[in-house]
Amino acid sequence: DDQGWIKTTLLHRIVALDPDGARREQRRGNGPAASAWLVATDRGLAMTKQDLSDGAQLVEPPQLMVLSPDEQFHRKWQWHEKDVAPELAERYEMWGPLPLKTPQGERPGYVVLERIPDPDDPTKIATSVEYHYAPGLGLVHEVLVNPIQGADAATRVELDLTAMTRGSGPEPEVRPYKDSP
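Residues numbered from 1 in each chain as written. Predicted model: local features only at pLDDT ≥ 70, side-chain atom pairs only at ≥ 80, totals over all residues. Heavy atoms only, no water.

Novice: Any details on the sheet that holds strand β11 (residues 154-160)? Residues and values, ideally.
Specialist: Ordered in space as β6-β7-β8-β9-β10-β11, the six strands form an open sheet in which the pairing is antiparallel. Both outer strands of the open sheet, β6 (74-79) and β11, are each paired with one neighbouring strand and no more. This sheet shows a mean twist of 20 degrees between the axes of neighbouring strands, independent of strand direction. Note: strand β7 (residues 90-102) against strand β8 (residues 105-118), 10 bridges, orientation antiparallel. For Leu 98, the partnering residue across the bridge sits in β8 and is Gly 109. (Pairing = 2+ DSSP bridges. Helix = DSSP H or I, 4+ residues; strand = E, 2+ residues; numbered from the N terminus. Axes fitted to C-alpha atoms, helices over the stretch in contact; angles between N-to-C directions.)

Novice: Please set out the sheet that holds strand β3 (residues 33-40) residue by residue, giving values where relevant.
Specialist: Within the open sheet, the five strands sit side by side as β1-β2-β3-β4-β5. Their pairing is antiparallel. Of all strands in the sheet, those with a lone pairing partner are β1 (10-18) and β5 (55-67), marking the two edges. Adjacent strand axes in the sheet meet at a mean angle of 25 degrees, parallel and antiparallel pairs treated alike. The sheet contact formed by strand β2 (residues 21-28) and β3 spans six bridges and is antiparallel. Residue pairing across strands places Arg 24 opposite Ala 36, the latter belonging to β3.

Shown next, in the form of structure tokens:
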């Protein structure tokens, strides 16, 4: 548009339930689909598998994306794949409950900030993602920021849930979380 924004539609949908979790397909406009397998655990929502350019790969240990609510307003945790150095761990912080904007109006929910370190210099952040989760709806807002290397600028992608259709299948069971981060 005239302010420099590129607008498109992003579609998330659950296409299957299998042993690796609920397979969420993500499609931007008419582009190719990417998939992630998500599992509700006793610790929170975890990604167990993702479809990358070279095919679907297990995420070990499962990546805890958002913690189950408890009495603490602010919580922190880290995650890294089993073959990745701990200094390259992705760092998470979560706050809530807070009022969030949703398609059904304001609702209490949780804000999660994910910081992904630069593999060449783990003291710097390569990517940051802010997620807004509303219980009963899921992800309602996301902001992704990537610095542009060699420039004093960054790309920023914002996503908002504008509509939701509840599926007709059964709710997946809550599983025990294995390999605590």
